[in-house]
Amino acid sequence: MAEVESVRRCLRDFSLEARELSITESLPYLNGPQKPLQFYREWICPNRPCIIRNAFNHWPALEKWTFSYLRQVVGSRDVSVAVTPNGYADAVYGDRFVMPEERRMTFSSFLDIVEKKVTRPGVFYVQKQCSNLTEEFSQLIDDVEPDIPWMTEALGKKPDAVNFWLGESAAVTSMHKDHYENLYCVISGEKHFLLHPPSDRPFIPYELYTPATYSVSEDGSFQVIDEMAAEQVPWIPLDPLNPDLQRHPSYAQLKPLRCTLKAGEMLYLPSLWFHHVQQSHGCIAVNYWYDMDFDIKYSYFQLLESLSKTVGHL
């Protein structure tokens, strides 16, 4: 037990020291995009987030993307919509990791729900993360850009996916991390981010869950249907807005970063950063996922992940 406690102390000290050395109390703002090499050196390489203003003022979407315009351009298209009873898609519910019902409907029907012209059971969110902007909303791509040129030059690659987001205010993204360099652009409304750096991993709990999917019955009630023969999914059971510190006391040592991303602002969210996201009703956003470099930073994180799991099991 003494050895285990010693490892725990080392992990705690490492996390706190890493935070003190590299993380500020609030996210810094840039007044515009930097040169690709400068951005790579100052933000990507040290894995530091920032908010960039005036990064996409030239996009027609900022002026054009009203609900009436979207109805006119893509209203008749069938799109994928995530439907949940509580707004939490891809999240822990009880003893399951539950994914949303993926419902196909015309985009106009979806907008009717968002604009409260009709009422349907559940919370609706366009959030399919498979480059849905280019796959399902291709008519809109000329209103933004297929990539962010200075980020493409900085990383030497095109984005793996460009995603379109629009939904109700009750839709919440549970805390998780991604293996992508993420540029998140708000077109209208606001997004509220809660962030933790990768070095906070020792204090962020993971558990294994049986994967399941929501299914809506004819009477409008939701059921949870297990994914048969699927492997268990590691996920974070903690809600950072209302953490159960009795169950997860180590989380009390952390202080999350919070920011509100407004229309016309871009968030650079580095790879492996933990994030939890809320939004204003009807918020419209586009994000660009660039695959991360699986370099020494990734190796360090994997070591931290392995040590955290080992200590957690002892």
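Just so you know, the residues in each chain are numbered from 1, in the order the chain's sequence is written. Predicted model: local features are reported for residues with pLDDT of at least 70 only, side-chain atom pairs are reported and counted for 80 or more only, and whole-chain, interface and lining totals are derived from all residues. Excluded from the side-chain calculation are hydrogens and water; included are all heavy atoms of the structure.

With that out of the way, let us pick up the overall build of the chain. The way it works is that DSSP assigns letters per residue, a run of H or I at least four long becomes a helix, a run of E at least two long becomes a strand, and they are numbered from the N terminus. For the chain, the helix and strand inventory stands at eight helices and 19 strands. Against the globule reference of 20 Å for 314 residues, the chain gives a C-alpha radius of gyration of 20 Å, in line with a compact fold. With respect to the three principal axes, the spread of C-alpha positions in the chain is 65 × 55 × 30 Å. In the chain, which comprises 314 residues, the proportion classed as buried is 50%. Expressed as a percentage of contacts within the chain between residues at least 6 apart in sequence, the contacts between residues at least 24 apart total 82%. A gap of 3 Å separates the mean positions of the 29 positive and 41 negative side-chain charges of the chain. Taken over C-alpha atoms, the radius of gyration is set against a globule rule of 2.2 Å times the number of residues to the power 0.38. Burial status follows relative accessibility: with a 1.4 Å probe on protein chains alone, a residue under 20% of its type maximum counts as buried, one over 50% as exposed, and anything between as partly exposed. We call two residues in contact whenever any of their non-hydrogen atoms come within 4.5 Å of each other. We count Lys and Arg on the positive side and Asp and Glu on the negative side, and we leave His and both chain ends out. Lys charges are placed at NZ, Arg charges at CZ, Asp charges at CG and Glu charges at CD.

What follows is about the nonpolar core. Side chains that are nonpolar tend, in soluble globular proteins, to be buried together. Counting 48 residues, the largest nonpolar core has Trp65, Leu70, Phe107 and Phe164 as its most contacted members. If one sorts the elements of this core by residue count, helix α5 (residues 107–114) sits on top with five residues. Apart from the residues lying within four places of it in its own chain, the contact partners of Trp65 are Leu70, Leu140, Asp143, Val144, Phe164, Ile187, Ile284 and Val286. Only buried Ala, Val, Leu, Ile, Met, Phe, Trp, Tyr and Cys residues count toward a nonpolar core, and they belong to the same one when joined by side-chain atoms within 4.5 Å. Listed in part, the 20 residues of the second largest apolar core include Ile51, Trp165, Ala171 and Leu267.

Let us look at the sheet that holds strand β16 (residues 257–262). For two strands to count as paired, DSSP must find a minimum of two bridges between them. One open sheet holds the five strands; their spatial order is β4-β10-β18-β12-β16, and the pairing between them is mixed. Each of the sheet's edge strands pairs with one partner strand only, and the pair in question is β4 (88–89) and β16. Inspection of the sheet shows strand β12 (residues 190–196) paired to strand β18 (residues 274–279) by six bridges, in the antiparallel sense. Bridging across to β18, His196 finds its partner in Phe274.

The next thing to look at is the environment of Tyr125. Tracing the backbone through its elements, the reader meets Tyr125 in strand β8 (residues 123–126). Of the residues examined, Tyr125 reaches a relative accessible area of 6% and is grouped as buried. In the structure, Tyr125 is positioned 95 residues away from Leu30 in sequence and 30 Å away in space, judged by C-alpha atoms. When residues no more than four places from it in sequence are discounted, the contact partners of Tyr125 are Val81, Ala82, Phe110, Trp165, Leu166, Gly167, Ala171, Thr173, Tyr184, Lys191 and Gln279. Polar contacts, as used here, are pairs of N or O atoms within 3.5 Å; protein pairs need one atom able to donate a hydrogen and one able to accept it. Residues neighboring in sequence count only if both atoms are side-chain atoms. At a separation of 2.8 Å, a polar atom in the side chain of Tyr125 contacts the side chain of Lys191. Here the side chain of Tyr125 touches Gln279 through a polar contact of 3.4 Å, side chain to side chain.

It is worth spelling out the pattern of salt bridges at this point. Within this document, salt bridges are pairs made up of a side-chain nitrogen of Lys or Arg and a carboxyl oxygen of Asp or Glu, the two lying within 4 Å of each other. Evaluation of the coordinates by the stated rule reveals 16 salt bridges. A salt bridge links Asp95 to Arg96, with the nearest nitrogen and oxygen atoms 3.3 Å apart. Among the salt bridges present, the one from Glu101 reaches Arg103, with a minimum N-O distance of 2.6 Å. Because the salt bridges share partners, they merge into one network encompassing Arg71, Asp112, Glu115 and Lys117.

Among the residues making up helix α4 (residues 67–74), those that are buried are Phe67, Tyr69, Leu70 and Val74. The arc that holds every buried residue of α4, seen down its axis, measures 155°, which confines them to one face. Across from the buried face of α4, at angles greater than 90 degrees, the exposed residues are Ser68 and Gln72. The secondary structure elements touched by the buried residues of α4 are α3 (61–64), α5, β9 (161–167) and β19 (284–291). This arc is taken over the directions from the axis of the helix to the C-beta atoms.

The subject of this paragraph is the sheet that holds strand β17 (residues 265–269). Pairing in this open sheet of nine strands is mixed, and the strands run β1-β2-β17-β11-β19-β9-β8-β3-β7 from one edge to the other. Every other strand in the sheet has two partners, leaving β1 (29–30) and β7 (101–106) as the edge strands with one partner each. With four bridges connecting them, strand β2 (residues 50–53) and β17 associate as antiparallel partners. Looking across to β17, one finds that Cys50 is bridged to Tyr268.

In this section: the packing of aromatic side chains. Ring pairs (aromatic) are described by centroid distance and by the angle formed between their planes. We call Phe, Tyr and Trp rings a pair once their centres come within 6.5 Å, taking the six-membered ring for Trp, and we label the pair stacked below 30 degrees between planes, edge-to-face above 60, and tilted otherwise. For the structure shown, the criterion picks out 17 aromatic pairs. When the centroid spacing of 4.5 Å and the interplanar angle of 35° are considered together, the rings of Phe56 and Trp59 count as tilted. Relative to Phe164, the ring of Trp65 has its centre 5.6 Å away and its plane inclined at 70°; by these criteria the two rings are edge-to-face. A residue pair is termed long-range when its members are at least 10 positions apart, and Trp65 in the loop between α3 and α4 and Phe164 in strand β9 qualify at 99 residues. The pair Trp65 / Phe164 is uniform in exposure class, with both members buried. Each residue in the set Trp65, Phe107, Phe110, Phe137 and Phe164 is aromatic and connected to the rest through ring pairs, giving one cluster.

Worth remembering: the numbers are spatial, not functional.
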